Amino acid sequence: MNQAIRSTWIVAIALFALIFGGITYVQFFAVDELKNNPWNNRALLQNFCNERGTILVGGQPIAQSVPSTNGDTCKYQRQYNNPLLYSGITGFFSRSFGQTGLEKQMENDLTGNTDQLFYDRVVSMFLGNQPKGASVELTIDPKIQALAYSLIPDGQRGSIVVMNPKTGNIIAMVSKPSYDTNLMASHNPSAVAKAWSQLKDVPGISLYNSAATGDLYSPGSVFKLVDTAAALSSGKYNKDSVLPNPAALPLPGTNVSLPNYLYGGCSAQTEADFAFALEQSCNTPFAHIALDLGQNAIAEQARKFGFGQDAGDQLKLDYTPSVFPSDLNQAQLAQSAVGQFDVKATPLQIALMTAAIANNGVQMKPNLIKALRGPDLRPYDEPKPEVLRTSTTPEISKQITSWMTDVVDKGIASGAQVPGVEVAGKTGTAELGAGGQNNSWFTGFAPANDPQVVVSIVMQDVDIRTGAQLTSPNAKKLIEAVLNK
Amino acid sequence: MSQQLPVAKPRRNVEALLLVLALAVGIGANAMVSLDKSPWMDSDFWTQAILLTVLVFSIHVVLRIRAKYADPVILPIVTALNGLGLAMIHRLDIATGEGAGGKQLTWTALAIVATAAVLWFLRDHRVLRRFTYISLVVSAVLLILPLVPGLGANINGANLWIVVGGMTFQPGEIAKITLAIFFAGYLSSNRDLILLAGKKVGPLQLPRFKDMGPLFAAWLVSIGILVFQRDMGSSFMFFGLFMAMIYVATSRVSWVVLGLVLIAVGGFAAAKIFSHVALRVDGWLNAFTPEVYGRASGGSGQIVQGLFGMANGGLLGTGLGQGRPDLVPYANSDMIIASLGEELGLIGLFAIVLLYLLLVTRGIRAALGTRDAFGKLLGCGLSFALALQCFVVIGGITRLIPLTGLTTPFLAAGGSSLLANWIVVALLLLISDAARRPYSTGPLEADLGPATEAVKLP
């Protein structure tokens, strides 16, 4: 009998050996496989509940982790301050809908998981602490950001980008409509789901990117700056070239024609130089240039300004490349030359193009990050201005600057005049179908002789009069605010 | 007997020392789970710490008086396991806002009091042999209770529970003990008869058909549990218990082979006929298939989440209170092993499984040492059932075998399981006392049945 008992014990030992084997497999050999399983949301949840680094503007936090209130399974709650102003920059961190904006792009820094913080990580591992994340300080000026946001009326769709052309630093970047990112970061899943279903259908709200860097708009006449640069760099035109300026240009191969801008003074002359054509924003001279140079020349110049290109690694936001279409017939090319047809640009692209003209033809990498600081507040990264690409020559950019100064001084963008400061600018109006509604643009910089600030404004779906009021005069206020600091 | 110590020592002081260690493990764990809560170590913590200490030391005192030669390792092992279980249940209460910890503590108190009562009043396990057939009747009643309309409750598709006054109870857990008593009594009385007759076919000595009664009875009970109570885990464990006891009683491998054939046939048929069995098997084999994972009933979501938790713990674990075991369904009962694996890591879980292994080994050691066949069968059967229960639960959670609803002894939240397993401990302690007690002081010769002599056969 005892022999049978011993055999039973052997069987029991065998069962335990199997258990040990099972545990070893799960907790040692299969760990990576299980951790990488797409259904495994533990890493995300842990991340979601941990303390994350703070995002700051002007020394004030706009995204921070605060201890959760009682009864929450998470230790920390992400809190966004002034979320309407910053939703397009911070993005959000939602348990069910993922991460967007800087919360996504700066993940490794905000969690303290970046290589630069390796030492801090090792120390906190030995102390048994949760590794602390880095603070992300932005180049945004909170006063300009708030002013820009207030300049877009409630109920109006629009974006404003303010940047420094010499450094590429973004000073302000806002869009309306905006939303409260705290709604998406709530720890109450049903409240988040409800907020999501309400927000996702609001026209103009982009939950997954910033409207200023991710949404594409027809640039309209602002695109004439590209035609101008292409014309001058082709060698076929110079500053004194005389361009045909008919009231309407029949579009080759069709029975329609491209008219000049109705509200400007184009009809005064049937021939124009660049200065006049830009001041009054005449269409036909630029359509003529494009048809003359061919689509490759225009496309090449557009590419040099950044169309179809990325925005460099310093812009830590999802960025949609702007579009200049290819395989155009002559009629389409003529329309594209005045920023219509399928030409599309983000507000940031227009700002970058303007910044290149302001900065002697050199486009700087757009940059949002002023400094990254470790848990001990020592900065471990302070991005320096970097050249993104050369868009045109200093001579051509100087020439275009002088014409853009005229546009503000005596032309169509006179609303942007700032007393005592020379402002260079260009307006644009892109028709949105037959309803008489437009995208209204202003892009420009000041002072013209030593550019400190680029302002690009787009107001979507407005009539021409409202659009004019919401662009150039607002640019003036922003330029004044930045220069008078 | 060769296993007999030359000079038997009670070793109660060793037990006291080990108990202090075991309590330090359980209470220390409980202190850690509320480390970042304020106030740290609240009144609940102290209630639990003091109650557990008083209770297990009262058992220790009872052993000193009634069974001073009992194995000194068994009680500390069980104390450590019960304490760890309480700590993990408390930790999950903090995360989920449930109140399972208080209930578990009440049941722990009840179970330990019952253990003390068994030790005090029973004094000698051989007395139980008188209740062989009464045990059979009690077992039958206990197993049928959950099927009585108005009394039984179907929870998560299994008919294992009865509801009395709002409290749920699993009579099957107690039936594990009464059935073991019946089989130990029946087999110790009839083993000579069963052994002597039978045809030899090849290397196998086949039992006579009429002697196969107990085997068939066991098989029928197991299949009955599977079909009517819809509980694969219990069914498997009961059958394993019977098999082990029949094997120990007869030393015939033929019985084991026959038993394995029977359970294979029964299990295969059940998987074909009953959807709940088939679903369990499918959830095991195809755990990582999306449709199986997302299935509302019988899906693999629970097991896969448990595996994620254990992987999250890895080798060293996240540390108590630092993981997210609350993401796993039934984290404090069926899946408590995954919760412990996540927070204590592979190393911690190995330690826990080693405690079980040690407990089973001490139980079997007691069965080896005791001189009566009844005690040998009961001790070995109960110990092996414990081993089987661990295998079914932990094997299920680590996806070695299909996951079934058995509880992890002493750890998992659940009163009936706690009560039953503590009573098993009481019986093992009594058997070990009989095993280690010097022969001359052996009590109650008159109580020893006629089969006792059979023990002295090789």
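Residues numbered from 1 in each chain as written. Chains lettered and ligands numbered in written order. Predicted model: local features only at pLDDT ≥ 70, side-chain atom pairs only at ≥ 80, totals over all residues. Heavy atoms only, no water.

Across its full length, chain A holds 19 helices and 19 strands. Counting only C-alpha atoms, chain A reaches 120 × 50 × 40 Å along its principal axes. A total of 485 residues make up chain A; the buried ones form 55% of that total. Across chain A, contacts joining residues at least 24 apart in sequence account for 68% of those joining residues at least 6 apart. For chain A, the accessible area works out to roughly 19,800 Å², and carbon and sulfur atoms hold 51% of it. The average position of the 36 basic charges and that of the 40 acidic charges among the side chains of chain A differ by 6 Å. (Helix = DSSP H or I, 4+ residues; strand = E, 2+ residues; numbered from the N terminus. Buried < 20%, exposed > 50% of the residue type's maximum accessible area, 1.4 Å probe, protein only. Contact = heavy atoms within 4.5 Å. Areas by Shrake-Rupley, 256 points an atom, 1.4 Å probe, with all protein chains shown as cover. Lys, Arg positive; Asp, Glu negative; His and termini not counted. Charge placed at Lys NZ, Arg CZ, Asp CG, Glu CD.)

We now examine the overall build of chain B. When you go through chain B residue by residue, the secondary structure sums to 15 helices and five strands. Taking all 458 residues of chain B together, the buried fraction comes to 59%. Partitioning the contacts of chain B with sequence separation of at least 6, the portion at a separation of at least 24 is 74%. Just so you have it, chain B exposes about 17,800 Å², and 69% of that area is on carbon and sulfur atoms.

This brings us to the sheet that holds strand β17 (residues 424-431) of chain A. Residues and elements named next belong to chain A. The strand order β8-β7-β19-β18-β17 describes an open sheet built from five strands, whose pairing is antiparallel. Here the strands that pair on one side only, and so sit at the sheet edges, are β8 (170-176) and β17. In this sheet, adjacent strand axes meet at a mean angle of 5° when their direction is disregarded. Pairing between strand β7 (residues 157-163) and strand β19 (residues 453-462): seven bridges, direction antiparallel. The residue bridging Met163 from the neighbouring strand is Val454, located in β19. (Pairing = 2+ DSSP bridges. Axes fitted to C-alpha atoms, helices over the stretch in contact; angles between N-to-C directions.)

In this structure the tally under the stated criterion is 20 salt bridges over all chains. Notably, a salt bridge pairs B:Asp124 with B:Arg126, separated by 2.9 Å at the nearest N-O pair. Of the residues examined, B:Arg126 reaches a relative accessible area of 13% and is grouped as buried. Several salt bridges share partner residues, and in doing so they unite A:Arg52, A:Arg78, A:Glu103 and A:Glu107 into one network. (Salt bridge = Lys/Arg side-chain N within 4 Å of Asp/Glu carboxyl O.)

Turning to the domain arrangement of chain A, a few remarks are in order. If you check the domain split of chain A, you get domain 1 (2-28) and domain 2 (220-367 + 387-483). Each of domain 1 of chain A and domain 2 of chain A has a C-alpha centre, and these two points are 79 Å apart. (Domains from an automatic or database assignment.)

If you look at the interface, chain B gives 60 residues, while chain A gives 34 residues. Of the roughly 4,200 Å² buried between chain B and chain A on both sides combined, carbon and sulfur atoms contribute 73%. For the interface between chain B and chain A, the tally reads one salt bridge. For A:Arg42, the salt bridge goes to B:Glu342, with nearest N and O atoms at 2.7 Å. For the pair chain B and chain A, the number of links is eight residue pairs in polar contact (both at pLDDT 80 or more). Considering each element in turn, the side of chain B that touches chain A owes the most residues, 15 residues, to helix α13 (residues 336-369) of chain B. Of the residues that constitute the side of chain B that touches chain A, the class distribution is 41 nonpolar, 13 polar and six charged. (Buried area = accessible area lost by both parts, 1.4 Å probe. Polar contact = N/O pair within 3.5 Å; in protein donor to acceptor, adjacent residues only side chain to side chain. Nonpolar A, V, L, I, M, F, W, Y, C, P; charged D, E, K, R; others polar.)

Okay, the environment of B:Asn312 next. Summarising the element assignment, B:Asn312 is placed in helix α12 (residues 301-313). Discounting chain neighbours no more than four positions away, the residues touching B:Asn312 are A:Lys35, A:Arg42, A:Gln46, B:Thr318 and B:Glu342. Among the polar contacts listed, one links the side chain of B:Asn312 to the side chain of B:Glu342, at a separation of 2.9 Å.

This brings us to the pairing of strand β6 (residues 135-138) of chain A. Residues and elements named next belong to chain A. Side chains of β6 alternate between two faces, with Ser135 and Glu137 and Val136 and Leu138 buried alike. Pairing analysis gives three bridges linking strand β1 (residues 55-57) to β6, with the strands arranged parallel. What sits directly across from Ile55, in β6, is Val136. Note: β6 against strand β14 (residues 369-373), four bridges, orientation antiparallel. Its bridge partner being in β14, Val136 is matched across the sheet by Leu372.

Looking now at a nonpolar patch on the surface. Nonpolar side chains collect at one region of the surface, where A:Tyr25, A:Phe28, A:Phe29, B:Leu315, B:Leu316 and B:Ile347 lie side by side and expose about 680 Å² of accessible area between them. Ranked by residues supplied to the nonpolar patch, first place goes to helix α1 (residues 2-29) of chain A with three residues. Summarising the element assignment, A:Phe29 is placed in helix α1. (Patch = residues over 30% accessible without salt bridge, like charges linked within 9 Å, V, L, I, M, F, W, Y side chains within 5 Å.)

In this section: helix α1 (residues 12-33) of chain B. All names here are of chain B. For α1, spanning 22 residues, the distance from its first C-alpha to its last is 32 Å, which sits close to the expected 32 Å at 1.5 Å a residue. Within the span of α1, buried status applies to Arg12, Glu15, Ala16, Leu19, Ala22, Leu23, Gly26, Ala29, Asn30, Ala31 and Val33. In the core, the buried residues of α1 are packed alongside α2 (43-66) and α3 (74-96). (Expected span 1.5 Å × (residues − 1).)

Residue and element names in this part refer to chain A. Taking 1.5 Å as the rise per residue, helix α17 (residues 347-358) with 12 residues should run 16 Å; its terminal C-alpha atoms sit 17 Å apart, in good agreement. Listed as buried for α17 are Pro347, Leu348, Gln349, Ile350, Ala351, Leu352, Met353, Thr354, Ala355, Ala356, Ile357 and Ala358. Phi turns positive, to about 55°, at Asn360, one or two residues after α17.

This next bit is on the packing of α1(A) against α13(B). Where α1(A) meets α13(B), the closest approach of the two axes is 10 Å, and the angle between their N-to-C directions is 180°. With respect to each other, α1(A) and α13(B) are oriented roughly antiparallel. Residues of the contact of α1(A) with α13(B), tallied by class, amount to 20 nonpolar, six polar and two charged. (Parallel < 35°, antiparallel > 145°, perpendicular 65-115°, else oblique.)

Let us now look at the nonpolar core. Ranked by internal contacts, the top residues of the largest apolar core, which has 142 residues, are A:Phe16, B:Leu378, B:Leu411 and B:Trp422. Formed by 132 residues, the second largest nonpolar core is a distinct cluster that contains A:Ala63, A:Leu258, A:Ala351 and A:Leu470. (Core = buried A, V, L, I, M, F, W, Y, C linked by side-chain atoms within 4.5 Å.)

What follows covers the confidence of the model for chain B. Residue and element names in this part refer to chain B. Overall, the prediction assigns chain B a mean pLDDT of 84, with 87% of residues at 70 or greater. By mean pLDDT, the top-scoring element of chain B is α13 (96), and the lowest-scoring one is strand β5 (residues 204-205) (64). pLDDT under 50 marks residues 445-458. Its contacts with residues more than four places away, or in other chains, come to 18 contacts. (pLDDT = per-residue confidence, 0-100.)

Before going further, it helps to spend a moment on the packing of α13(B) against helix α14 (residues 373-397) of chain B. Residue and element names in this part refer to chain B. Two elements in contact, α13 and α14, have axes whose closest approach is 8 Å; the angle formed by their N-to-C orientations is 165°. With respect to α14, the axis of α13 lies roughly antiparallel. In terms of crossing hand, the pair formed by α13 and α14 is left-handed. Contact with α13, carried on its side by Ile337, Ala338, Val353, Tyr356, Leu359, Val360, Gly363, Ile364, Ala367 and Leu368, involves Lys376, Gly379, Cys380, Ser383, Leu386, Ala387, Cys390, Ile394 and Ile397 of α14 and no other residues of that element. Its residues assigned to classes, the contact of α13 with α14 shows 15 nonpolar, three polar and one charged. (Left-handed = near helix turned anticlockwise from the far one by under 90°.)

Neighbouring strands of a sheet are bound in pairs by backbone hydrogen bonds; such pairs are parallel or else antiparallel. Residue and element names in this part refer to chain A. If you walk across this open sheet you meet the six strands as β3-β2-β1-β6-β14-β15, and the pairing is mixed. The outermost strands of the open sheet, each flanked by one partner alone, are β3 (76-80) and β15 (379-381). Averaged over all adjacent pairs, the angle separating strand axes in this sheet is 30°, with direction ignored. Where β14 meets β15, two bridges bridge the pair, whose relative direction is antiparallel. Bridging across to β15, Leu372 finds its partner in Asp381.

So, about the packing of aromatic side chains. Residue and element names in this part refer to chain A. The full count for this structure, using the stated rule, is 20 aromatic pairs over all chains. Aromatic pair Tyr217 and Trp441: ring centres 6.2 Å apart, planes at 90°, arrangement edge-to-face. Taken as a pair, Tyr217 in the loop between α11 (211-214) and α12 (224-234) and Trp441 in strand β18 (residues 438-446) lie far apart in primary sequence, 224 residues in all. Like Trp441, Tyr217 is buried. (Phe/Tyr/Trp six-rings, centres within 6.5 Å; stacked < 30°, edge-to-face > 60°.)

All names here are of chain B. Within the secondary structure, Ser417 sits in helix α15 (residues 415-436). Residue classification places Ser417 among the buried positions, given a relative accessible area of 2%. Setting aside chain neighbours within four positions, we find Ser417 in contact with Glu173 and Thr407.

Turning next to the pairing of β19(A). Residue and element names in this part refer to chain A. Burial runs high along β19: nine of the 10 residues are buried. Pairing between β18 and β19: eight bridges, direction antiparallel. If you follow Trp441 over to β19, its bridge partner there is Val458. Two successive antiparallel strands, β18 and β19, enclose a turn made up of six residues.

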